[in-house]
Amino acid sequence: MSGTLNKVMLIGHLGDEVKMHYFEGGGCVGRFPLATNETYVSKQTNERVTNTDWHNIVVRNKAAEICEKYLTKGDKVYVEGRIKNRKWQDDAGNERYSTEIQVSDFTFLNTKRDPEAAPGAAPAKQQANPMAEKPAAPKPVSSDDDLPF
């Protein structure tokens, strides 16, 4: 295989609100931290240990506007994209580095505005049409139905 691949898939929780930055040309960028967890049992202490990794997520243009509108801190989201390393100089002239996930696709797994995410809320399918959930009347049995197929 002669090609290369730079692909990231993460499922995690937003650590903060989506921060937007708008450009003069009409484009925009949204940024937010995403937390992913790893949990295991320590062999030495037999205790459950959870490690959290933080990822810098970057979404652009229409995707950024959608994320800003529907996502809030704590929401669970799936993001897919690529790793991008950036280098810049801070105000003191020091070189700084950051690693970001440039998002190409995302799926909201739950949001604060989602009725199923709220504690005690009825599932959406029960709110739609209660009459549709009633079982149909049984069909009359015919004497010709002796065959098992």
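Residues numbered from 1 in each chain as written. Predicted model: local features only at pLDDT ≥ 70, side-chain atom pairs only at ≥ 80, totals over all residues. Heavy atoms only, no water.

Q: Hey, could you run me through the packing of aromatic side chains in this one?
A: Given two aromatic rings, one states the distance between the centres and the angle between the planes to describe the pair. For the structure on display, the rule yields two aromatic pairs. Between Tyr70 and Phe108 the ring centres are 6.2 Å apart and the planes differ by 45°, which places this aromatic pair in the tilted class. Taken as a pair, Tyr70 in helix α1 (residues 61-70) and Phe108 in strand β6 (residues 95-110) lie far apart in primary sequence, 38 residues in all. A relative accessible area of 26% means that Phe108 is categorised as partly exposed. Through a chain of ring-to-ring contacts, the aromatic side chains of Tyr70, Phe106 and Phe108 assemble into a single cluster. (Phe/Tyr/Trp six-rings, centres within 6.5 Å; stacked < 30°, edge-to-face > 60°. Helix = DSSP H or I, 4+ residues; strand = E, 2+ residues; numbered from the N terminus. Buried < 20%, exposed > 50% of the residue type's maximum accessible area, 1.4 Å probe, protein only.)

Q: Just checking my understanding: could you explain the nonpolar core for this structure?
A: As a rule of thumb, nonpolar side chains are buried together in soluble globular proteins. Core analysis: the largest hydrophobic core is formed by 17 residues, its most contacted members being Leu10, Leu14, Val18, Leu34, Ile57 and Val79. Elements that contribute at least two residues to this core include exactly β1 (8-14), β3 (28-41), β4 (48-60), α1, β5 (76-89) and β6. Beyond its immediate sequence surroundings of up to four residues, Leu14 is in contact with Phe32, Pro33, Leu34, Leu71, Thr72, Lys73, Gly74, Asp75 and Val77. (Core = buried A, V, L, I, M, F, W, Y, C linked by side-chain atoms within 4.5 Å. Contact = heavy atoms within 4.5 Å.)

Q: Just to check I follow, could you spell out the side chain of Thr36 for this structure?
A: Its place among the elements puts Thr36 in strand β3. For Thr36, a relative accessible area of 15% gives the class buried. A distance of 2.8 Å separates a polar atom in the side chain of Thr36 from a polar atom in the side chain of His55. Those residues within four positions of Thr36 in sequence are excluded, and the remaining contacts are Leu10, Ile11, Gly12, Asn51, Thr52, Asp53 and His55. (Polar contact = N/O pair within 3.5 Å; in protein donor to acceptor, adjacent residues only side chain to side chain.)

Q: I tried to follow the environment of Cys67 on my own but got confused; where do I start?
A: The topology assignment puts Cys67 in helix α1. Look past the residues within four positions of Cys67 in its chain and what remains in contact with it is Val18, Val59, Phe106 and Phe108.

Q: Mind showing me how you'd approach the pairing of β3 here?
A: On a regular strand, each side chain points to the face opposite its neighbour's, so the side chains alternate between the two faces of the sheet. Of the pairings in the sheet, the one linking β1 to β3 comprises two bridges and is antiparallel in character. Among the inter-strand pairings, Leu14 is bridged to a residue of β3, identified as Leu34. Bridge count for strand β2 (residues 19-22) against β3 is four bridges, and the pairing is antiparallel. The residue bridging Lys19 from the neighbouring strand is Arg31, located in β3. The loop that links β2 with its antiparallel partner β3 comprises five residues; one of these, Gly26, has a positive phi angle of about 105°. The pairing of β3 with β4 spans 13 bridges and is classified as antiparallel. Bridge assignment links Glu38 to a residue of β4, and that residue is Asn51. Turn length for the β3-β4 hairpin, with the two strands adjacent in sequence and antiparallel, is six residues, and the turn residue Asn46 shows positive phi of about 60°. (Pairing = 2+ DSSP bridges.)

Q: It is not clear to me how the pairing of β1 should be interpreted in this structure. Could you clarify?
A: As paired elements, β1 and β5 share six bridges and run antiparallel to each other. Across the sheet, residue Gly12 finds its bridge partner in β5, namely Val77.

Q: What exactly am I supposed to notice about the pattern of salt bridges here?
A: Using the criterion set out here, one finds six salt bridges in the structure. A salt bridge links Arg86 to Glu100; the nearest nitrogen and oxygen atoms lie 2.9 Å apart. Of the two residues, Arg86 is situated in strand β5 and Glu100 in strand β6; the sequence distance between them amounts to 14 residues. Classification of Arg86 by relative accessible area gives partly exposed; the value is 34%. One salt bridge in this structure joins Lys87 and Glu95, with 3.6 Å as the shortest N-O distance. Assessed through its relative accessible area of 44%, Glu95 is described here as partly exposed. The structure contains a network of salt bridges with shared partners spanning Arg31, Arg86 and Glu100. (Salt bridge = Lys/Arg side-chain N within 4 Å of Asp/Glu carboxyl O.)

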